[in-house]
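Remarks on the overall topology
Here is how the chains run, residue by residue.
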Amino acid sequence: MTDSTATPPTDAELRRGIGVSPGTAYGPVVQVAPAVTAPANEAPTTDPEAALVDVKAAFDSVAADLEGRARHADDTAQQILKATALIAKDKGLHKAAGKHLTAGKGKANAISAAIEDYAAQFEALGGYFAERVTDLRDVGSRAIAAVLGVPAPGVPHFDVPSVIVAEDLAPAETATLDRALVAGIITQAGGRTSHTAILAAQMGIPAVVQCPDATQIAPGTRVAVDGDSGEVTLNPTGAYVDGLRERREKRAAALTATSGPGRTKDGHHVALLANIGGIKDAEEAGPQDLEGVGLFRTEFVFLSSDKAPTVEEQTEIYTKVFAPFGDRRVVVRTLDAGADKPLAFADLGPEENPALGRRGLRLSAERPDLLDAQLEALENARKATGADVRVMAPMVATAEEAAWFARRVRENGLPKAGVMIEVPGAALRAEHVLGDCDFGSLGTNDLAQYTMAADRMQGELSDLLDPWQPAVLDVIKAACDGAAKAGKPMGVCGEAGGDPLLALVLTGLGVGSLSMAPSKVSMVRFALSLHSLADCQGLAARALAAPTAAEAAAAVKEAAHEELSVLI
Ligand code: PEP
Ligand code: MG
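The rules we used
- Residues numbered from 1 in each chain as written.
- Chains lettered and ligands numbered in written order.
- Predicted model: local features only at pLDDT ≥ 70, side-chain atom pairs only at ≥ 80, totals over all residues.
- Heavy atoms only, no water.
- Pairing = 2+ DSSP bridges.
- Helix = DSSP H or I, 4+ residues; strand = E, 2+ residues; numbered from the N terminus.
- Axes fitted to C-alpha atoms, helices over the stretch in contact; angles between N-to-C directions.
- Contact = heavy atoms within 4.5 Å.
- Buried < 20%, exposed > 50% of the residue type's maximum accessible area, 1.4 Å probe, protein only.
- Expected span 1.5 Å × (residues − 1).
- Donors = N, O, S within 2.8 Å, 3.2 Å for Na, K, Ca; no water.
- Parallel < 35°, antiparallel > 145°, perpendicular 65-115°, else oblique.
- Nonpolar A, V, L, I, M, F, W, Y, C, P; charged D, E, K, R; others polar.
- Near = heavy atom within 4 Å.
- Polar contact = N/O pair within 3.5 Å; in protein donor to acceptor, adjacent residues only side chain to side chain.
- Areas by Shrake-Rupley, 256 points an atom, 1.4 Å probe, with all protein chains shown as cover.
- 1 Å grid on protein atoms, 1.4 Å probe; cavity = no way out; pocket = protein on both sides within 12 Å on 5 of 7 lines; lining within 4 Å.
- Sits in = over half its atoms within 2 Å of the grid points.
- Phe/Tyr/Trp six-rings, centres within 6.5 Å; stacked < 30°, edge-to-face > 60°.

Section: the sheet that holds strand β6 (residues 207–209)
In a beta sheet, neighbouring strands are held together by backbone hydrogen bonds and run either parallel or antiparallel to one another. Spatial ordering of the open sheet is given by β1-β8-β7-β3-β4-β5-β6-β2, a layout of eight strands whose pairing is mixed. Each of the sheet's edge strands pairs with one partner strand only, and the pair in question is β1 (13–16) and β2 (18–21). Direction aside, the axes of adjacent strands within the sheet are offset by 30° on average. Note that β2 and β6 share three bridges and pair antiparallel. If you follow Gly19 over to β6, its bridge partner there is Val208. The strands touched by helix α9 (residues 238–257) are β3 (24–31), β7 (222–226) and β8 (231–234); relative to β3, the strand with the most contacts, the crossing angle is about 125°.

Some thoughts on the environment of Val163
Along the polypeptide, Val163 turns up in strand β4 (residues 162–166). Owing to a relative accessible area of 0%, Val163 belongs among the buried residues under this scheme. Once the C-alpha coordinates of Val163 and Gln31 are considered, the two residues, 132 residues apart in sequence, prove to be 8.5 Å apart. Contacts of Val163, omitting those with residues within four sequence positions, involve Tyr26, Gly27, Pro28, Val29, Val30, Gly184, Ile185, Ile186, Val223 and Val225.

What about helix α2 (residues 75–89)?
Helical periodicity: at 3.6 residues per turn, an α-helix aligns residues three or four positions apart in one direction. Taking 1.5 Å per residue, 15 residues should reach 21 Å; α2 reaches 21 Å between its end C-alpha atoms and fits that length. In terms of burial, α2 is a largely internal element, twelve of the 15 residues being buried. Every buried residue of α2 is listed here: Asp75, Thr76, Ala77, Gln78, Gln79, Ile80, Leu81, Ala83, Thr84, Ala85, Ile87 and Ala88.

Some points on the coordination of the magnesium ion (ligand 2)
Protein coordination at the magnesium ion (ligand 2): the donors are Glu422 (OE) and Asp446 (OD), at 2.0 to 2.2 Å from the metal. Here Asp446 lies in helix α17 (residues 444–452) and Glu422 lies in the loop between β13 (417–421) and α15 (424–428), a separation of 24 residues in the sequence. Comparing Glu422 with Asp446, the two get one shared label, buried.

Observations regarding the packing of helix α4 (residues 107–125) against helix α6 (residues 133–148)
At a minimum axis separation of 9 Å, α4 and α6 run at an interaxial angle of 175°. Taken together, the axes of α4 and α6 are roughly antiparallel relative to one another. Between α4 and α6, the contacting residues are Lys107, Ala108, Ile111, Ser112, Ile115, Glu116, Tyr118, Ala119, Phe122 and Glu123 on the first element and Val133, Leu136, Arg137, Gly140, Ala143, Ile144, Val147 and Leu148 on the second. Looking at side-chain class alone, the contact of α4 with α6 contains twelve nonpolar, two polar and four charged residues.

Focus on the site of ligand 1
Around ligand 1 sit 14 residues in total, of which Arg297, Arg333, Lys341, Asn445 and Arg456 are the nearest. Within the backbone of Gly443, an N or O atom sits 3.3 Å from an oxygen atom of ligand 1. At a separation of 2.8 Å, an oxygen atom of ligand 1 approaches a polar side-chain atom of Arg456. Alone, ligand 1 offers 280 Å² of accessible surface; in the complex the protein occludes 99% of this. When atoms are counted within 2 Å of each cavity's grid points, the one that captures over half of ligand 1 is the second largest cavity. Mapped onto the shell around ligand 1, the elements with two or more residues apiece are β10 (292–297) and α17. Of the residues belonging to the shell around ligand 1, the class tally is three nonpolar, four polar and seven charged.

Details of the packing of aromatic side chains
Within the structure shown, the criterion is met by three aromatic pairs. On the basis of an interplanar angle of 80° and a centroid distance of 6.4 Å, the ring pair of Phe302 and Phe345 is categorised as edge-to-face. With Phe302 in the loop between β10 and α11 (311–322) and Phe345 in the loop between β11 (329–333) and α12 (361–366), this residue pair connects regions lying 43 residues apart in the sequence. Considered together, Phe302 and Phe345 belong to a single accessibility category, that of buried residues.

Set out below in structure tokens:
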């Protein structure tokens with residue numbers, strides 16, 4: 001396959017990051033305003049009580065603002081915004097600021113000191129909490145801006161389609177971006193599974209993370225963004241932009257030329273499914289040309305709930321989620337609580353290593369009441385809608401766990417039970433893990449994290465987390481071979497499923513369904529339509545034979561159909 005994109009001219013500046021949301025964009029840079037910091041010369045507080053009233057009001061206004069934005073955001077974004085608003089409402093945080101006021105600090109400095117006290121605690125806890133430090137500092141910066149009466153940090157007003165550039169976008173910023181005006185997103189930090197990456201793909205905005213020195217790009221500079229290859233070109237020539245535009249048009253034409261169920265050139269069916277996080281996502285995905293849902297992340301619905309939702313509350317939500325899909329398949333994952341997605345009502349206390357701790361199904365085993373309530377509600381909603389509901393468990397490691405889960409699912413009347421394969425141990429023993437189940441679904445995000453011993457929240461470790469890593473591909477192959485021996489279908493619902501080249505490799509390895517952000521479905525459908533099953537098997541063999549991730553991707557790209565160059 002040759003690359004049809006015009007080569008960037010030598011006087012243009014090319015920077016390579018990681019493409020996390022597909023498509024191309026071109027426009028002027030809008031730099032996101034950096035955080036507001038407390039002034040060094042702020043007058044000390046003489047009346048701490050009165051000052052605390054102002055500080056609380058500042059936090060309250062931040063919370064109200066975030067909640068207001070949440071009301072207009074999508075499900076995934078909504079939950080992130082609500083969870084960030086909860087930080088601003090935290091009484092402990094207000095109290096900590098009060099102590100610093102009593103010690104004589106000015107209002108802005110007291111907020112800053114309280115935030116840093118909390119940040120140190122979050123960082124010491126590690127894992128999910130360390131990841132929330134960005135959100136915590138964003139709340140602090142907004143509260144400082146409020147108390148100083150200056151504009152909030154974040155995206156400035158702009159009215160022409162532009163490329164948003166930031167060190168890292170806080171969820172509050174990503175979630176509320178105007179899709180009509182944001183042509184593309186570039187961040188200097190962030191990783192493949194960061195908030196920015198997930199939200200940008202959900203919103204269908206081309207995005208690149210880990211772009212070197214992105215924050216140094218002068219506002220107004222014209223940039224071209226390639227959300228597939230991860231290339232960012234500063235001051236591209238007219239010819240380069242024309243090439244990009246041509247590619248975008250060809251791409252759009254190619255993507256609309258194929259429709260319907262996913263099929264290889266020789267008719268082998270590979271179901272194309274959506275990843276969703278709640279009712280709004282379901283309502284948006286339902287009318288689209290896809291075969292149902294391959295991953296409903298139910299924990300996203302409850303990220304900001306203090307109390308366990310009742311069976312009735314859950315039934316209502318699941319009914320609304322299933323309804324837009326008619327009789328199509330909806331694969332529901334039971335609560336994947338813990339580690340990067342803690343739920344207040346399912347907290348088993350602090351752990352040294354939350355990602356290796358009692359999360360996912362391990363937490364359900366300790367709180368079977370939560371699992372049973374959820375299964376009961378899912379069965380109620382299934383009966384009410386007639387959807388083809390299949391239920392799977394997260395973080396399964398052994399055959400016993402899988403059998404325990406499958407039994408519980410069936411005891412609740414639900415017809416199909418499956419497991420996520422995202423722990424290497426389960427992947428290597430898939431034949432037995434799937435023994436009592438109806439299907440498996442590869443969670444390549446966690447599978448890469450656990451295979452390569454690299455925290456998926458750390459953008460700096462992106463190379464290790466690359467699903468093209470030969471070891472990750474070997475583990476995936478082992479899982480597919482095990483499923484084939486057990487005679488059970490295996491799908492993919494991690495980010496890898498939405499990469500058109502990897503989708504071909506996965507198909508060649510025996511995967512029968514691919515679930516992804518809806519914005520990626522047409523690309524994968526197009527890629528499949530150009531290749532026979534034997535082609536996919538050949539591509540898989542090439543990938544497996546390569547010694548490095550980069551060589552695996554390059555070998556597959558080279559051998560893939562030429563027409564695919566409009567996408568990658
Ligand atoms: C995965 O781990 O690949 C997955 C799909 O689940 P999540 O990203 O929600 O952990
Ligand atoms: Mg996972």
